[in-house]
Amino acid sequence: SIPGLVPYTPPVQPAMPTVPAVVSGAQLRIALTQLNLRQAVDAAVAASTQEIKDWYQCAAYFERGNTKIIAVATALNVTSAQLDALWQLAATIKP
């Protein structure tokens, strides 16, 4: 070892934020409002089947991987990364 030489320590990569699997209905709607997506989502749901309307209005929680979520997001041209960001924001909102 050389006196005064500090051993190399590689930089720590920041951890990727985790995406919660589930958020509450209130958390999701508040996050949609904060991201200015609420009106577009409400309009897409209103134009959907009765099953989608009932699910959106009555669900106590929303799963990130739910096929209905993916379908509405696809209809609105929302990317997977944007959905992840929405779920991450929603998870920060106190239910």
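Look up a bit, the structure's there.
Let me sum up the structure you'll find in this document. Everything quoted here is computed from the prediction, not taken from an experiment.

Cut-offs used in this document
- Residues numbered from 1 in each chain as written.
- Predicted model: local features only at pLDDT ≥ 70, side-chain atom pairs only at ≥ 80, totals over all residues.
- Heavy atoms only, no water.
- 1 Å grid on protein atoms, 1.4 Å probe; cavity = no way out; pocket = protein on both sides within 12 Å on 5 of 7 lines; lining within 4 Å.
- Points joined across faces, edges and corners; volume = space filled by probe spheres on them.
- Helix = DSSP H or I, 4+ residues; strand = E, 2+ residues; numbered from the N terminus.
- Nonpolar A, V, L, I, M, F, W, Y, C, P; charged D, E, K, R; others polar.
- Contact = heavy atoms within 4.5 Å.
- Salt bridge = Lys/Arg side-chain N within 4 Å of Asp/Glu carboxyl O.
- Buried < 20%, exposed > 50% of the residue type's maximum accessible area, 1.4 Å probe, protein only.
- Phe/Tyr/Trp six-rings, centres within 6.5 Å; stacked < 30°, edge-to-face > 60°.
- Lys NZ or Arg CZ within 6 Å of the ring centre and 35° of its normal.

### Quick look at empty space enclosed by the protein
All told, the structure shown has 1 cavity of 30 Å³ or more when counted by the stated rule. Of the voids in this model, the largest cavity is the one considered here, and its volume is about 200 Å³. Taken together, 18 residues line the largest cavity, and the ones lying closest to its centre are Leu32, Val41, Val72, Leu83 and Leu86. Elements with a minimum of two residues in the lining of the largest cavity: helix H1 (25-34), helix H2 (38-46), helix H3 (50-58), helix H4 (67-75) and helix H5 (80-91). Split by residue class, the lining of the largest cavity holds 17 nonpolar, 1 polar and no charged.

### Side note on the environment of Pro20
Its location among the elements puts Pro20 in the segment before strand E1 (22-24). Remark: the alpha-carbon pair of Pro20 and Val78, spanning 58 residues in sequence, is separated by 18 Å. When sequence neighbours within four positions are dropped, the list of residues in contact with Pro20 reads Arg64, Trp87, Gln88 and Ala91.

### Digging into the pattern of salt bridges
Applying the stated criterion across every chain, the model contains 3 salt bridges. With a closest N to O distance of 3.3 Å, Arg38 and Asp42 form a salt bridge. Linking Arg38 with Asp42, this pair stays in helix H2, spanning 4 residues, or about one helical turn. Given a relative accessible area of 27%, Arg38 falls into the partly exposed group. Here Glu51 and Lys68 are joined by a salt bridge, their closest N and O atoms 3.6 Å apart. Residue Glu51 is located in helix H3, and its partner Lys68 is located in helix H4; the two are separated by 17 residues in the primary sequence.

### Notes on the packing of aromatic side chains
Two aromatic rings, taken as a pair, are described by how far apart their centres are and by the angle between their planes. One pass over the structure, following the stated rule, counts 2 aromatic pairs. Judged by centre distance (5.0 Å) and plane angle (80°), the ring pair of Trp55 and Phe62 falls under edge-to-face. Here the aromatic cluster, defined as three or more aromatic residues joined through ring pairs, consists of Trp55, Tyr56 and Phe62. Its guanidinium or amino end placed over the ring of Tyr56, Arg29 lies 4.4 Å from that ring's centre, counting from NZ or CZ.

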